[in-house]
Amino acid sequence: MTRPVTARVPAKVNVQLAVGGLRPDGFHDLANVFLAVGLHDEVTATPADSLRITVEGADAGQVPLDRTNLAARAASALAERHGIAPDVHLHIAKDIPVAGGMAGGSADAAGALLACDALWGTKATRAELLEICADLGSDIPFSLVGGVALGRGRGELLTPLETGGTFHWVFAVADGGLSTPAVYRECDRLREASGAGASASAADVPEPEPSEALLDALRTGDATALAAAVSNDLQPAALSLRPALADTLRAGADAGALASLVSGSGPTCAFLAKDTEAAQAVAGALTASGTCRTVRITSGPVPGARLVGA
């Protein structure tokens, strides 16, 4: 019998998320600087009579077990390309917050692709895997690649970036999730309400570009300089939909975090710390503040999807 194959895939934080105007296809052009961090999901692929999903870990009950699951869609897409049946049991061990703006679902899709490719012996090229990732979702290619990268287009067109060190992060996980499409819609609504307009043709919606100061800070490994340059255009929308996140951000800042921001579309909040000791102090203050459900300490960048034991 073919042995199970397990892939390990990291979470991400967006150290810059610059959002352009609404395109005719319903997406937005982005300048999205991803950084992979050391919180991981593991996806195990085992031969089965049909496609089946099981999930364990924090918030497992919030993860769909049908074919709407991104991991199931990834397995189906790979199988279809190679003319085989997607007969596999995918077991997802979750450690990345669900619907938390840290690309947990995207990570599972990338992990499923890598594990199924190894299980089925499809020998897909890296380019083919990245193409499938891009078809499935904007964040999924980065889950496969990891490290630090600039995402253009809707985030799927990646350019790896140089980094000169390790950055220490604290993540405050909120109760419940936030829908990424809903946050983008709120971003558009707030822009319209401010008179800036929301469409890509609106003169007051600038083309998204990466911050040179941020790229320099990543290159040199300077956490203080990175803190001064981080930004998230979706943060006002996330705060509009979940005002209590402002209390979480304030608690982390008051505890000495170098930077405090909503991670991606939220509701997880990310805090950049000077070092491990400072991260522990921020985490302790956030826990004591009662403004979040759980707190996680980690660092990055880390590699993208990898087969366990490979």
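From a predicted model like this one, the values you see are computed outputs, not experimental measurements. (Residues numbered from 1 in each chain as written. Predicted model: local features only at pLDDT ≥ 70, side-chain atom pairs only at ≥ 80, totals over all residues. Heavy atoms only, no water.)

1. Overview of the pattern of salt bridges
Keep this limit in mind: A pair is scored as a salt bridge if a Lys or Arg side-chain nitrogen falls within 4 Å of a carboxyl oxygen belonging to Asp or Glu. Working definition: helices are DSSP H or I runs of at least four residues, strands are E runs of at least two. Numbering for both runs from the N terminus. Burial status follows relative accessibility: with a 1.4 Å probe on protein chains alone, a residue under 20% of its type maximum counts as buried, one over 50% as exposed, and anything between as partly exposed.
The final tally for this structure, using the stated rule, is 15 salt bridges. Ionic pairing is found between R189 and E186, a salt bridge with its closest N-O pair at 2.8 Å. One end of the pair is R189 and the other is E186, both in helix α5 (residues 180-194) and three residues apart, which spans about a single turn. The buried category is assigned to E186, whose relative accessible area is 9%. When the shortest N-O distance is used, the salt bridge between R191 and D233 registers 3.8 Å. Of the two residues, R191 is situated in helix α5 and D233 in the loop between β8 (231-232) and α8 (235-241); the sequence distance between them amounts to 42 residues. A network of salt bridges, in which partner residues are shared, links R23, D25 and D29.

2. Quick notes on the packing of aromatic side chains
Given two aromatic rings, their pairing is described by the distance between the two centres and the angle made by the two planes. The cut-off we apply is this: Two aromatic rings, drawn from Phe, Tyr or Trp (for Trp, its six-membered ring), form a pair once their centres lie within 6.5 Å of each other, and the interplanar angle then sorts them: stacked below 30 degrees, edge-to-face above 60, tilted otherwise. Only when the NZ of Lys or the CZ of Arg is both within 6 Å of the ring centre and within 35 degrees of the ring normal is a charge said to sit over the ring.
Tallied over the entire structure, the rule returns two aromatic pairs. With 6.2 Å between their ring centres and 20° between their planes, W169 and F171 make a pair best called stacked. In this pair, the class of W169 matches that of F171, namely buried. The side chain of R154 reaches across the aromatic face of F27, ending 5.1 Å from its centre.

3. Details of the pairing of strand β3 (residues 52-57)
Going by this rule: By definition, two strands form a pair when at least two bridges between them are found by DSSP. When the strands point away from the viewer, a crossover counts as right-handed if the path from the first strand over the helix to the second runs clockwise.
Where β3 lies against strand β4 (residues 88-94), six bridges are found, and the strand directions are parallel. Directly across from I53, in β4, lies its bridge partner L90. Once the chain exits β3 it traverses helix α1 (residues 70-81) before rejoining the sheet at β4, and the crossover so formed is left-handed.

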